[in-house]
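Residues per chain are reported as follows:
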Amino acid sequence: MATHPALTWNFSQVFGDRAGEGVEIAEADIISAVEFNHDGEYLATGDKGGRVVLFERNNSGHGSEDEFRFFTEFQSHEPEFDYLKSLEIEEKINQIKWLPRRNHAHFLITTNDKTIKLWKVSNRPHFVEPKEDLEPEAIAPGVVHVPKMKQQEIRTDARAKRVFANAHAYHINSISVNSDDETFISADDLRVNLWNLGVNDQSFNIVDIKPPTMEELTEVITAARFHPQHCNIFMYSSSKGAIKICDMRAAALCDSHAKSFEEVADPSTRSFFSDIIASTSDVEFSNSGTYFLSRDYLSIKIWDARKEGAPVQSFDVHDFLRPKLCDLYENDCIFDKFDACWSNDDQQILAGSYHNLFRMYDLGSGDNVCLEASRDNIGGPMHTLQPVQILSGQTPRTSRQQIHVEDIDFNFKILHAAWHPHRNILALAATNNLYLYHR
């Protein structure tokens with residue numbers, strides 16, 4: 001069957017060491033965050049080792065304009081220890097968000113489980129004092145010789161301008177920059193805090209779902225996002241699969257939401273795993289702000305922000321794994337948090353899966369295609385990805401593009417992805433590799 005033209009993608013680049021049989025991947029090298037900046041000229045990745053790597057788009061006039069090259073790398077977070085709670089704080093980068101560029105420097109926010117940092121990345125001249133060969137006798141009497149600094153090179157420098165700490169008792173799962181470019185929110189399991197980018201020692205709690213006693217706790221916050229145009233509107237999702245939209249003009253504490261979106265599950269299909277797979281791992285407003293998507297373990301849903309009730313569209317991502325939920329529970333894969341993202345024209349969405357598979361959905365036609373991020377069988381920069389078919393039961397494999405559900409490798413997964421804001425370029429984080437595709 002022919003693939004919809006909008007779902008056809010070509011290989012562009014891959015960064016990172018090849019992983020394979022007998023090759024052990026360092027935990028610190030696993031990519032945990034991917035984000036394009038607002039004009040798409042730069043791409044940032046964060047890993048479990050607390051490092052942030054920046055790439056810049058190729059504007060040299062040589063090679064493809066869809067390619068990226070290494071720009072700089074810096075250590076954003078270090079491992080810490082909370083002595084009051086006897087708790088180790090990992091250096092893993094949970095999320096990266098860019099601020100709109102105002103001058104020659106780049107500003108971006110990074111966060112681990114407890115601490116948020118505002119970084120400034122810029123090119124700075126490096127000066128050295130030249131060696132003077134003049135002897136004291138060679139200097140004329142009465143002349144003051146002032147040594148001059150000589151510019152040696154231009155270096156890319158990353159500096160932490162502000163540290164936003166000590167505001168979250170629980171692990172931070174998401175950050176989101178407001179459209180006013182002055183404030184941002186950070187969310188942990190039970191609270192959402194509002195920060196001003198210029199004030200790092202004070203934040204305002206705008207959502208608090210902590211019950212009087214922890215025995216009464218039935219749900220936690222999983223993600224929070226600001227509306228792309230309206231600075232007073234934000235949404236947050238919960239482990240029960242509910243998404244709440246709040247208006248900060250209504251009250252200082254937004255415990256009373258303006259709208260609530262939740263799909264009621266069929267009681268006849270309820271099982272031990274129902275609550276786990278219903279948990280929303282990611283929510284994203286469309287670029288227009290009219291719609292938003294929600295990603296749970298097995299599916300992805302499109303909602304109309306103006307209309308509460310059922311989702312406008314719903315797509316299965318890897319429903320073929322439903323019979324294997326018991327095995328996924330035992331190996332903890334059922335708790336994996338998958339991201340999803342919109343295309344720059346809001347007509348397509350992307351969702352990651354296991355075995356380095358990812359699905360593309362065309363909202364207009366309803367078509368979807370399953371593709372694999374792999375180094376194998378790449379014919380060159382313009383290599384076109386072939387659709388992958390998932391087989392189940394006793395169906396024999398007859399093609400290289402067919403994968404049996406029993407052969408899926410759960411160690412390789414695409415949890416994080418980003419779509420270029422203006423071009424058809426995809427960035428996929430597949431374990432320790434960063435894949436780039438173009439159309």
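As the structure is a prediction and not an experimental result, all values here were calculated from the model.

On to the overall build of the chain, then. Secondary structure assignment for the chain yields two helices and 32 strands. Taking 439 residues into account, the globule formula puts the C-alpha radius of gyration at 22 Å, and the chain, at 24 Å, falls close to it. Reported as C-alpha extents along the three principal axes, the dimensions of the chain are approximately 100 × 60 × 40 Å. Across the 439 residues that make up the chain, the buried fraction comes to 47%. For the chain, contacts bridging at least 24 residues in sequence account for 55% of all contacts bridging at least 6. Roughly 22100 Å² of accessible area belongs to the chain as shown, and the carbon and sulfur atoms make up 48% of that amount. Counting 43 positive and 65 negative side-chain charges, the chain places the centres of these two groups 3 Å from one another.

Quick look at the pairing of strand E2 (residues 31-36) now. A large share of E2 lies buried, amounting to five of its six residues. One ladder, built from five bridges, connects E2 with strand E3 (residues 42-47); its direction is antiparallel. Bridge pairing in E3 places Ile-31 opposite Asp-47. Joining the antiparallel neighbours E2 and E3 is a turn of five residues, in which Gly-40 adopts a positive phi near 80°.

Taken in spatial order, the four strands make up an open sheet running E20-E21-E22-E23, and their pairing is antiparallel. A strand with exactly one partner marks an edge of an open sheet, and here the two such strands are strand E20 (282-285) and strand E23 (313-316). Taking the axes of each pair of neighbouring strands and ignoring which way they run, one obtains an average angle of 15° across the sheet. Summarising the sheet, strand E21 (residues 291-295) and strand E22 (residues 299-304) pair through five bridges and their orientation is antiparallel. Directly across from Phe-292, in E22, lies its bridge partner Trp-303.

What follows deals with the sheet that holds strand E24 (residues 340-342). Read from one edge of the open sheet, four strands run E24-E25-E26-E27, paired in antiparallel fashion. Edge positions in the open sheet fall to E24 and strand E27 (368-372), since each of these has one partner strand only. For this sheet the average axis-to-axis angle between neighbouring strands, irrespective of direction, equals 20°. Bridging between strand E26 (residues 357-362) and E27 involves five bridges; their strand directions are antiparallel. Directly across from Arg-359, in E27, lies its bridge partner Cys-370.

Another point: the pattern of salt bridges. Evaluation of the coordinates by the stated rule reveals 23 salt bridges. Linking Arg-51 and Asp-29 is a salt bridge whose minimum nitrogen-to-oxygen distance equals 2.7 Å. You can see Arg-51 sitting in strand E4 (residues 51-57) and its partner Asp-29 sitting in the loop between strand E1 (10-15) and E2, a full 22 residues away along the chain. The exposure class of Asp-29 is partly exposed, given its relative accessible area of 32%. With a closest N to O distance of 3.3 Å, Lys-324 and Glu-406 form a salt bridge. With a gap of 82 residues between them, Lys-324 in the loop between E23 and helix H2 (325-330) and Glu-406 in the loop between strand E29 (402-404) and strand E30 (414-419) connect regions that are remote in the sequence. Owing to a relative accessible area of 13%, Lys-324 belongs among the buried residues under this scheme. On the accessibility criterion, Glu-406 (54% relative accessible area) is exposed. Taken together, the salt bridges that share partners define one network made up of Asp-29, Asp-47 and Arg-51.

Here we take up unusual backbone geometry. Positioned with a positive phi, Asp-181 is a non-glycine residue whose angle comes to about 60°. One non-glycine residue, Asn-356, adopts positive backbone phi at about 60°. Within the element layout of this structure, Asn-356 appears in the loop between strand E25 (348-352) and E26.

This next bit is on the nonpolar core. By size, the foremost hydrophobic cluster in this structure holds 20 residues, and its most contacted members are Tyr-297, Leu-328 and Tyr-354. Sequence-distant contacts of Tyr-297, defined by excluding residues within four places in its chain, comprise Ile-277, Ser-279, His-318, Leu-325, Leu-328, Cys-333, Ile-334, Asp-336, Phe-338 and Tyr-354.

For Phe-74, the location among the structural elements is in strand E5 (residues 68-75). The spacing of Phe-74 and Gly-309 is 235 residues in sequence and 45 Å in space, taken between C-alpha atoms. Beyond its immediate sequence surroundings of up to four residues, Phe-74 is in contact with Gly-50, Arg-51, Val-52, Leu-54, Trp-119, Val-121 and Ala-158.

A few words now on the packing of aromatic side chains. The relation between two aromatic rings is expressed through the spacing of the ring centres and the mutual angle of the planes. Counted according to the given criterion, the structure contains 26 aromatic pairs. Between Tyr-297 and Phe-338 the ring centres are 6.2 Å apart and the planes differ by 55°, which places this aromatic pair in the tilted class. With Tyr-297 in the loop between E21 and E22 and Phe-338 in the loop between H2 and E24, this pair connects stretches of sequence that are 41 residues apart. Comparing Tyr-297 with Phe-338 shows no difference in burial state: the two are buried. Ring pairing ties together the aromatic residues Phe-11, Phe-358, Tyr-435 and Tyr-437, which thus form one cluster.

Calculation criteria
Residues numbered from 1 in each chain as written. Predicted model: local features only at pLDDT ≥ 70, side-chain atom pairs only at ≥ 80, totals over all residues. Heavy atoms only, no water. Helix = DSSP H or I, 4+ residues; strand = E, 2+ residues; numbered from the N terminus. Rg over C-alpha atoms; globule rule 2.2 N^0.38 Å. Buried < 20%, exposed > 50% of the residue type's maximum accessible area, 1.4 Å probe, protein only. Contact = heavy atoms within 4.5 Å. Areas by Shrake-Rupley, 256 points an atom, 1.4 Å probe, with all protein chains shown as cover. Lys, Arg positive; Asp, Glu negative; His and termini not counted. Charge placed at Lys NZ, Arg CZ, Asp CG, Glu CD. Pairing = 2+ DSSP bridges. Axes fitted to C-alpha atoms, helices over the stretch in contact; angles between N-to-C directions. Salt bridge = Lys/Arg side-chain N within 4 Å of Asp/Glu carboxyl O. Core = buried A, V, L, I, M, F, W, Y, C linked by side-chain atoms within 4.5 Å. Phe/Tyr/Trp six-rings, centres within 6.5 Å; stacked < 30°, edge-to-face > 60°.

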